[in-house]
Amino acid sequence: MNTFQGISASGGIAKGKAFVLPVYTRKSIEKIPLEPGTAASDWERFEKARQKTLEYFQSLIDQTNSRQAAIFQTYVLMLSDPDFLGQLKKEHAEQSVCAEWIVENKAKEYADMLRSSGDSYLIERAEDILDVYGKVIDNLMGDVQVSCESVPEGAILAARFLSPSDAVFLSKRKLTAVILDKGAANSHLAILARTYGIPLVFGIHDIESLIRTEDVLIVDGSNGMIFVNPDEKTSAEYDKKIAGEAAEREKLAAFSAKAARTKDGIAVKIYANIGSAEEARLALEEGADGIGLFRTEFLFMQSGLISEERQFEEYRSVLEIMKDKPVVIRTLDAGGDKIVDIPGVSFEEEKNPLLGCRAIRLCLKMPDIFKTQFRALFRASVYGSLKIMLPLITDIEQVREAKALIEEVKAELKAEHIPFKEDVPVGIMIETPAAAIMADELAKEAAFFSIGSNDLTQYGLCVDRENAQTAGLFNELHPAIRRLIVQTAKAAQKEEIPLSVCGEMAADKARMLVLMSAGINSFSVSPKKIASLKECLSHFTAEQIEALKDWTESPMDAHSLQEKLNAFLSGTHLNGAQ
Ligand code: PEP
Ligand code: MG
């Protein structure tokens, strides 16, 4: 048995057979002169390969959500560009050499031209051209590239890295787990894996020499451990854990369709956090009351600054999927750990990016970006029950400035006779100590609050939420964070504005109860967590939960409180109502 420690990007435990995706290198292409009279049939060969590639990308458009579909639509356009095809045909006829050579050289030439433009959007398109016409060359050469299509269902996929189109493909295939050399917790693949509950571990270097296809693997997504051909003891231990997880999932499935209620029937709202329109479907399946946080930066992290039209399509999709259920869409929260390619902005140059020009600060500094997003949001507003949320507020002026831009956008839309809803509520995230302390004032300007416990804890305790060295210090139950939350809840109650919590704190049963004891009864969590929270709620009466208030409001340290909560959870579960 070999064991490897990777970095977990999606939890859960899986056991199964490995499928190792070999690193693919295209054979070098020779410049082969055409035999006299064969130019037409060689061009025909190219046409067939192009057609096959077109069909491949078209099939991906049909299977994917609108955001990904837009990427593949661009690929299809590239494959059908009459100018480029005309140039290829001309060179093919003039040079009289095989189509592979012409395609490779013309695509490289075109890509070099785009790269030298200095425009980040065009530079990215250069990679797309090489990718798209590379696939045409593979089809021309009849190359048997081992692609994601050959990954058997149920396999544990081990690969050096995966491209965006591979990631889409894999989300359709029922994979048991994914292990990668290169990856990132915020990558599109990681988000998909978490959404669909597939364990994902990355950071396993030299993966192809460590793992072979058909090896038996155990992937522990909770701690990033990989066991290759596990011994009997490890295998038996994990079989038990996997059976436990399966039994738990089955028990929880019954709660998806039920409304969230305490044991004595008090209603609680549980919304979903999503990063794309497609995830809204999953949120519905998992029984969400609506969308409590749509992190729109994930759209931008994939493709840089996306157009108003593409944003509009994505927001409209979510609203249509959710019908009359509320949908909170958060404006671009770029910066910090969420890097978006914006021309003229270099996040890397900031000494303290988490304290730098990110989120609302960036958007107010670049009002064109902000206004484009507001236009897309207001245009989509007529398709459902939209609420707009502003991230990382530290100052009431930021809310006022954003609202002024919204008024400008509304006036523009009106002048253009574009329909929109006038009364879209504009709320804010309470995720900085400044916002929590000033919540009473902010509540007069904001239509609603949503507590971002991840950043509130990060900034409140001065602990980088991504730093493994200080992970032990990151604790939402710290009395200082509890105090900020209680203060925020009181301010929201006083001004009678809705309050929710959309940070990870809400997804933990004990912490959700602590939040409820502060008077909060609306939460937004990852779709896969919804059922377990509903199940937890069903064990407690409102009175029992309210009784936790004394602990919540006390200066008790986080660890002592955690112990008391553990005892509370298990005691009440075991003994029924007390
Ligand atoms: C938060 O900070 O708690 C939050 C929900 O926002 P994000 O995790 O996207 O920063
Ligand atoms: Mg945040």
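Residues numbered from 1 in each chain as written. Chains lettered and ligands numbered in written order. Predicted model: local features only at pLDDT ≥ 70, side-chain atom pairs only at ≥ 80, totals over all residues. Heavy atoms only, no water.

K.L.:
Let's hear about the coordination of the magnesium ion (ligand 2): which residues, and what values?
P.N.:
Within the protein, the magnesium ion (ligand 2) binds to Glu-431 (OE) and Asp-455 (OD); these donor distances fall in the range 2.0 to 2.1 Å. Residue Glu-431 is located in the loop between strand 13 (426–430) and helix 16 (433–437), and its partner Asp-455 is located in helix 18 (residues 453–461); the two are separated by 24 residues in the primary sequence. Judged by its relative accessible area of 1%, Glu-431 is buried. A residue is classified by how much of its surface remains accessible, and Asp-455, at 3% relative accessible area, is buried. (Donors = N, O, S within 2.8 Å, 3.2 Å for Na, K, Ca; no water. Helix = DSSP H or I, 4+ residues; strand = E, 2+ residues; numbered from the N terminus. Buried < 20%, exposed > 50% of the residue type's maximum accessible area, 1.4 Å probe, protein only.)

K.L.:
Help me get a handle on the pairing of strand 4 (residues 156–159), residues and values and all.
P.N.:
Burial along strand 4 is two-sided: the face carrying Ile-156 and Ala-158 and the face carrying Leu-157 and Ala-159 are both buried. In this sheet, strand 4 lies alongside strand 3 (residues 13–21) in parallel orientation, the contact comprising four bridges. Bridging across to strand 4, Phe-19 finds its partner in Leu-157. (Pairing = 2+ DSSP bridges.)

K.L.:
Go over the packing of helix 10 (residues 277–285) against helix 12 (residues 308–322) with me, naming the residues and quoting the values.
P.N.:
Two elements in contact, helix 10 and helix 12, have axes separated by 8 Å at closest approach and are oriented at 15°. Our classification of the angle between helix 10 and helix 12 gives roughly parallel. When you trace helix 10 past helix 12, the crossing you get is right-handed. Along the contact surface, helix 10 presents Ala-277, Ala-280, Arg-281 and Leu-284, while helix 12 presents Glu-314, Ser-317, Val-318, Ile-321 and Met-322. Considering only residue class, the contact of helix 10 with helix 12 consists of six nonpolar, one polar and two charged. (Axes fitted to C-alpha atoms, helices over the stretch in contact; angles between N-to-C directions. Parallel < 35°, antiparallel > 145°, perpendicular 65-115°, else oblique. Left-handed = near helix turned anticlockwise from the far one by under 90°. Contact = heavy atoms within 4.5 Å. Nonpolar A, V, L, I, M, F, W, Y, C, P; charged D, E, K, R; others polar.)

K.L.:
With reference to specific residues and values, describe the sheet that holds strand 5 (residues 177–180).
P.N.:
The strand order across the open sheet built from eight strands is 1-8-7-3-4-5-6-2, with neighbouring strands paired in mixed fashion. Pairing within the sheet leaves two strands with one partner each, and these edge strands are strand 1 (2–5) and strand 2 (7–10). Strand-to-strand twist of the sheet, defined as the mean angle between neighbouring strand axes without regard to direction, takes the value 25°. Bridge count for strand 4 against strand 5 is four bridges, and the pairing is parallel. Across the sheet, residue Ile-156 finds its bridge partner in strand 5, namely Ala-177.

K.L.:
How would you sum up the site of ligand 1? Please name residues and give values.
P.N.:
With respect to spatial proximity, 14 residues lie near ligand 1, and among them Arg-295, Arg-330, Lys-338, Asn-454 and Arg-465 are the closest. Note that an oxygen atom of ligand 1 is positioned 3.1 Å from one of the backbone N or O atoms of Ser-453. Sorting the residues of the shell around ligand 1 by element identifies strand 10 (291–295) and helix 18 as the ones contributing at least two each. A total of three residues in the shell around ligand 1 trace back to one element, the largest contributor, which is helix 18. Looking at the shell around ligand 1, its residues break down into three nonpolar, four polar and seven charged. (Near = heavy atom within 4 Å. Polar contact = N/O pair within 3.5 Å; in protein donor to acceptor, adjacent residues only side chain to side chain.)

K.L.:
Outline the domain arrangement of the protein, supporting the account with residue identities and numerical values.
P.N.:
Segmenting the protein into domains produces domain 1 (2–24 + 146–231), domain 2 (39–141) and domain 3 (269–424). A separation of 33 Å is found between the C-alpha centroids of domain 2 and domain 3. (Domains from an automatic or database assignment.)

K.L.:
Describe in detail unusual backbone geometry, supporting the description with residues and values.
P.N.:
Phi is positive for Asn-229, close to 45°, though the residue is something other than glycine. Within the element layout of this structure, Asn-229 appears in the loop between strand 8 (225–228) and helix 9 (232–256). Asn-229 gets classed as partly exposed once you look at its relative accessible area, which sits at 38%.

K.L.:
Give a detailed account of the packing of aromatic side chains, specifying residues and quantitative values.
P.N.:
According to the stated counting rule, one finds 11 aromatic pairs in the structure shown. Ring geometry for Trp-43 versus Phe-46: centroids 4.6 Å apart, planes at 35°, classification tilted. Placement of both Trp-43 and Phe-46 in helix 1 (residues 39–63) is noted, with a separation of three residues, approximately one turn of the helix. Exposure class is identical for Trp-43 and Phe-46. Each is buried. Summarising the aromatic geometry, the rings of Phe-378 and Phe-420 are spaced 6.0 Å apart at their centres and angled 80° between planes, so their arrangement reads as edge-to-face. Taken together, the residues span a long stretch of sequence, with Phe-378 in helix 14 (residues 367–380) and Phe-420 in the loop between helix 15 (396–415) and strand 13 at a distance of 42 residues. Accessibility classification places Phe-378 together with Phe-420 in one group, the buried group. Of the aromatic side chains, those joined through ring pairs into one cluster are Tyr-56, Phe-57 and Tyr-75. Looking at Lys-258, its charged tip hangs above the ring of Phe-255, at a distance of 4.5 Å from the centre. Positioned above the aromatic ring of Tyr-383 is the side chain of Arg-316, whose terminal nitrogen or guanidinium carbon lies 5.2 Å from the ring centre. (Phe/Tyr/Trp six-rings, centres within 6.5 Å; stacked < 30°, edge-to-face > 60°. Lys NZ or Arg CZ within 6 Å of the ring centre and 35° of its normal.)

K.L.:
Pulling in residues and values, what's your account of the nonpolar core?
P.N.:
One recurring pattern in soluble globular proteins is that nonpolar side chains are buried together. Formed by 100 residues in total, the largest nonpolar core has its most connected members in Ile-291, Phe-374, Leu-390, Phe-449 and Leu-513. Not counting residues up to four positions away in its chain, the partners in contact with Phe-374 are Thr-331, Ile-388, Leu-390, Ala-402, Leu-405, Ile-406 and Val-409. (Core = buried A, V, L, I, M, F, W, Y, C linked by side-chain atoms within 4.5 Å.)

K.L.:
Account for the side chain of Glu-445, with residues named and values stated.
P.N.:
In this fold, Glu-445 is placed in the loop between helix 17 (439–442) and strand 14 (449–451). Aside from chain neighbours lying at most four places away, what touches Glu-445 is Ile-396, Val-399, Arg-400 and Lys-403.

K.L.:
Give me the packing of helix 18 against helix 19 (residues 479–495): which residues, what numbers.
P.N.:
Taken N-terminus to C-terminus, the directions of helix 18 and helix 19 make an angle of 125°; their axes are 10 Å apart at the nearest point. Relative to helix 19, the element helix 18 is oriented oblique. Of the two elements, helix 18 crosses helix 19, and the hand of that crossing is right-handed. Listed contacts from helix 19 to Leu-456, Thr-457, Gly-460 and Leu-461 of helix 18 are Ile-481, Leu-484 and Ile-485. Per-class residue counts for the contact of helix 18 with helix 19 are five nonpolar, two polar and no charged.

K.L.:
Can you explain helix 18? Please cite residues and give values.
P.N.:
Counting buried residues in helix 18 gives eight out of nine residues, a clear majority hidden from the surface. Buried within helix 18 we find Ser-453, Asn-454, Asp-455, Leu-456, Thr-457, Gln-458, Tyr-459 and Leu-461. Turning to helix 18, the residues buried within the fold contact strand 10, strand 13, helix 16, strand 14, helix 19 and strand 15 (499–501). Phi turns positive one or two residues past the end of helix 18, at Cys-462, with a value near 55°.

K.L.:
So, the confidence of the model for the protein: which residues are in play, and what are the values?
P.N.:
Confidence in the prediction for the protein averages 89 pLDDT; 91% of positions are at 70 or higher. Taken as a whole, residues 573–578 scores under 50 in pLDDT and shows 10 contacts with residues more than four places along the chain or in a different chain. (pLDDT = per-residue confidence, 0-100.)

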